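Examining the three-dimensional arrangement
Next come the chains, spelled out residue by residue.
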Amino acid sequence: LEEFLKKILQIVNKDIKLPPGIKMSSVLNTVQFLTLFYNYNSSSSKLKSLHQRITEKINKLDGKSDLMAVKEEIAQAMKIIDLHLELRNGSENADTLLRWFTNYCATQGTPEEFNKMRNFVSFSTFDPSRRMSGAQVFLFSFLKTHSTKPAYLKAIVGNTIKRIRAIPQVMKMNPKVAESSLLSYFQILYSIMIYGADIKTEQIIEAIQTIYQFYFWPKPIGGIAKDLLFMMERECLIPGQTLRDELAFEAVCARGKRDAGPLGQKEALVLHMVDVTCPSSSTFCHIMRIMDKDEKEEGQRLKIGQFSVPSQVLIMLNMMNFDTSISRKDLDSLLRIGRSDMKKLFDECQAVTEVLKQRRPEGMTPEESHEYRSQNFRAMIAKWPELAAQRDPGDEPISVDLKQIELNQLHDHGFPLIMPPFFHNAIKVDLKYNLVTPEQRKLAFEGIILPPESTMFEPLLKNIKKLMYGVSPVNKLTLRLILTGGDRLMHSFLCAYLRLLEAEPALAENVNFKFFVIPTGLNHLACFLARHDSWYNRHIYTPFWSDRFLLPWVYIDPFDKPTAEKEGNMMTKFFRDLVDNYVRNAKQTMGVKIWKCKVFDTMPDWDNKADKRDAKKSVRRIAFSDVSHAVKDEPSQIFPFFQRLEIGHGAELIKYCESEEKKMRKRLVELTTKRDLNTQEGKELIRLRGELRPENYETRRKKLADKFGRERYQTPELMIRFLKVGMDGTPVRVLCDQFMAFSQITLSNVPMHSDKDTFPPNPEDPWLEMFVKSAPSYSTKKNILNAEPAQHVSRVEIIVRSPTDSFPVLVDGQLFPQVKGQKNSGYKSIVIEKMLDSDDNQMAFPVQTFFPIKL
């Protein structure tokens, strides 16, 4: 820590400069990480002197200094260090210090940034090339860790409630700051309660009285306040029930194959879908210590919703401990009870809580609830000796299952519960597709056209089938999948997911899918989520999409086998905590609408009469069922997408970039395997390693784009026929333009930072934002798309004029057709429309967020 502070002081004094590729934000992140999570001599005079000298220097910086851009970041880092030094040295004013930490944790940006965010049209998503600084990422982890200390917990909850009280006043001055801060305070309280913090009933009642005023606020605040109030009222009536309810939810989620942790719980299983060829994903797996192999079958196999015997015992004892005393003699009797009787006792305890939940709306007080629980629990404890004496000899006592658990030791601590540990498992695949032709479908007697089979389909299906023990339509499995990568991985997984729903309907209808997005590659959906969910921005997007978030950082070549990290690595623990919190606390679901692109390898029949029929109907609003289709043939292939589809310059540019990058990687492998390199080859090797690093993706693509040339490509002559819709999603009219060549055709469902000419799309809207740009030689013609290049559409049909022409399409970052070595490979026609389920409702991709996405 002292060495890092020395470097900062030298940089401020202009004695040294940061090395190339290292940013001040990485240095400041590391300083705060060391400050909050490592043991060090906080009373060191050298440490205090360095801190003081840096603070004095930055206060004297003038407007001409090149450090003015990071002055606020340095000042904030020094403030956090100063506060934590006082806290560690046993300051009597711990409440004030924790108030600062709580306030910093909730603040999600400056008023200037929030004012900028007010304009959704000009700032609809983040620029992925603008890497965030992560100064405040550590504060929530720090507060959650210290919430186990009663004195600290009281201060954290008390200060959070005080800040919530001040929100109405802040709302008058800056509504966006107030809204984001309020949601953050709600998130702090919610997260602390989920992890079983022992908050006193008096504080919970105070929080209820404070939060109640927000119950009638508009969405999203009113809905979240309602859920939080419900949780707190239930916690008052049944202490500890929030954690127990979360354990019940974990019981219906996918679980690992072994019992782990001090309570012998089943591990909570999380599957990561990982691009094996992506260096950033390999680095992520290395830091997180994510395995890509199955663990040995250990422990009791449980059905969905079923608790193991140790879990049943500990949940029951934890529930009883709040209301009645349990002696060592009682525990001895309990251990002699059989498993079947233990299950009945556990069900009786659950029945008590269900009765209290039903009586909550009747106005039951905490005192009345305590009396009701005490009577029932004392009666249950009194039955233990009798149940132990009457145990059937064939029914093994529960002491057999609790051999590894020190029950007497847990008795001294009040039988505390903890959330089960996570087992992170990776499904590592490349992003290739198996495309089936119409002829192959006929030979296989396939009557339905499925999305292309990506390489992750088989391993995904295999892993899900292993988890189906005890699953039924009544007891559904909740499967949590983390999509670790960029746009291309998202599309590959979307194909696998939809193919799974179509090919295995009996399996899919018994599984509730929950998807989480971690951007280790260029991921435009993650950029959109971070723009509109400030908690996701801080705790997921910033640390995982930052350039060298901490120092020293690691870089793992996906083709090398890295050494295993030690179990006690603090960096691993920190990043694991971030992901675990994301999986457990992101309870909001955003349904990203799914679309499909039907492609035709040969010229389909085009119904010219459809335009005349639609022209008669277009004088008024029409129903979807009345819309005529010009293309009715069976497509060669179907490509689903939920981000965007491009034709023209974008698709050709990606095609060119992929070709050039493939040459660069081939040359890199050649130079890496070569033993003796001359000077020129050594320089070339260093240059290629630098250019192919994942953090240089944007720079590399920009250079290749400049080389490719903006106006170098135009499509062949195309006809575009589209269904225009209103802002409520209802059809307005069908429009068909003349044959033209285009430089660009884009259909967007998720906005990109580079979009300038079209209204930003909302992923939950049932229409796409279409933008077209005519080729220069056609730009002066009088037609619909030259006059209005931006359109709201729900169906688009495109066909080439000449049967010898074709064009490629770029679908969610994936270029199709994936035919190597053919210059003119492409499609004759495409149709873009909604992906519908069996009930003719548009399908949605469920992505989990912390805060509701409000547009």
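Please refer to the structure placed before this passage.
Because the structure is predicted, anything quoted here is derived from the model rather than measured.

As a further point, take helix 2 (residues 24-37). Think of an α-helix as turning once every 3.6 residues; residues three or four places apart then point the same way. With 14 residues, helix 2 ought to run about 20 Å at 1.5 Å a step, and its terminal C-alpha atoms sit 20 Å apart, in line with that. Taking burial as the measure, the 14 residues of helix 2 include 14 buried ones, the bulk of the element.

Compared with an ideal rise of 1.5 Å per residue, which puts 17 residues at 24 Å, helix 22 (residues 487-503) spans 24 Å between its outermost C-alpha atoms and is within 8% of the ideal. Most of helix 22 sits out of view: 13 of its 17 residues are buried.

Here we take up the pattern of salt bridges. Counted according to the given criterion, the structure contains 30 salt bridges. Here Arg-644 makes a salt bridge to Asp-755, at a shortest N to O gap of 2.6 Å. Residue Arg-644 is located in strand 11 (residues 644-648), and its partner Asp-755 is located in the loop between strand 14 (742-748) and strand 15 (768-774); the two are separated by 111 residues in the primary sequence. With a relative accessible area of 23%, Asp-755 lands in the partly exposed category. The salt bridge involving Arg-667 is made with Glu-684; its shortest N-O contact spans 3.1 Å. Here the residue Arg-667 occupies a position in helix 28 (residues 649-673), and Glu-684 occupies one in helix 29 (residues 679-691), the gap between them amounting to 17 residues.

Counted according to the given criterion, the structure contains 38 aromatic pairs. Both rings, one in Phe-138 and one in Phe-574, keep their centres 5.1 Å apart while their planes meet at 40°; by these two values the pair is tilted. Placement of the pair is Phe-138 in helix 7 (residues 137-146) and Phe-574 in helix 26 (residues 570-585), with a sequence separation of 436 residues. A relative accessible area of 0% places Phe-138 in the buried class. For Phe-574, a relative accessible area of 4% gives the class buried. Summarising the aromatic geometry, the rings of Phe-493 and Phe-515 are spaced 5.1 Å apart at their centres and angled 85° between planes, so their arrangement reads as edge-to-face. Here Phe-493 is found in helix 22, whereas its partner Phe-515 is found in strand 7 (residues 511-518), with 22 residues between them in sequence.

It is worth spelling out the side chain of Thr-125 at this point. For Thr-125, the location among the structural elements is in the loop between helix 6 (111-117) and helix 7. Polar contacts involving the side chain of Thr-125 include one to the main-chain carbonyl oxygen of Cys-527, which spans 3.5 Å. In contact with Thr-125, other than residues within four places in its own chain, are His-524, Cys-527, Phe-528, Arg-531, Pro-751, Met-752 and His-753.

What counts as what
Residues numbered from 1 in each chain as written. Predicted model: local features only at pLDDT ≥ 70, side-chain atom pairs only at ≥ 80, totals over all residues. Heavy atoms only, no water. Helix = DSSP H or I, 4+ residues; strand = E, 2+ residues; numbered from the N terminus. Expected span 1.5 Å × (residues − 1). Buried < 20%, exposed > 50% of the residue type's maximum accessible area, 1.4 Å probe, protein only. Salt bridge = Lys/Arg side-chain N within 4 Å of Asp/Glu carboxyl O. Phe/Tyr/Trp six-rings, centres within 6.5 Å; stacked < 30°, edge-to-face > 60°. Polar contact = N/O pair within 3.5 Å; in protein donor to acceptor, adjacent residues only side chain to side chain. Contact = heavy atoms within 4.5 Å.

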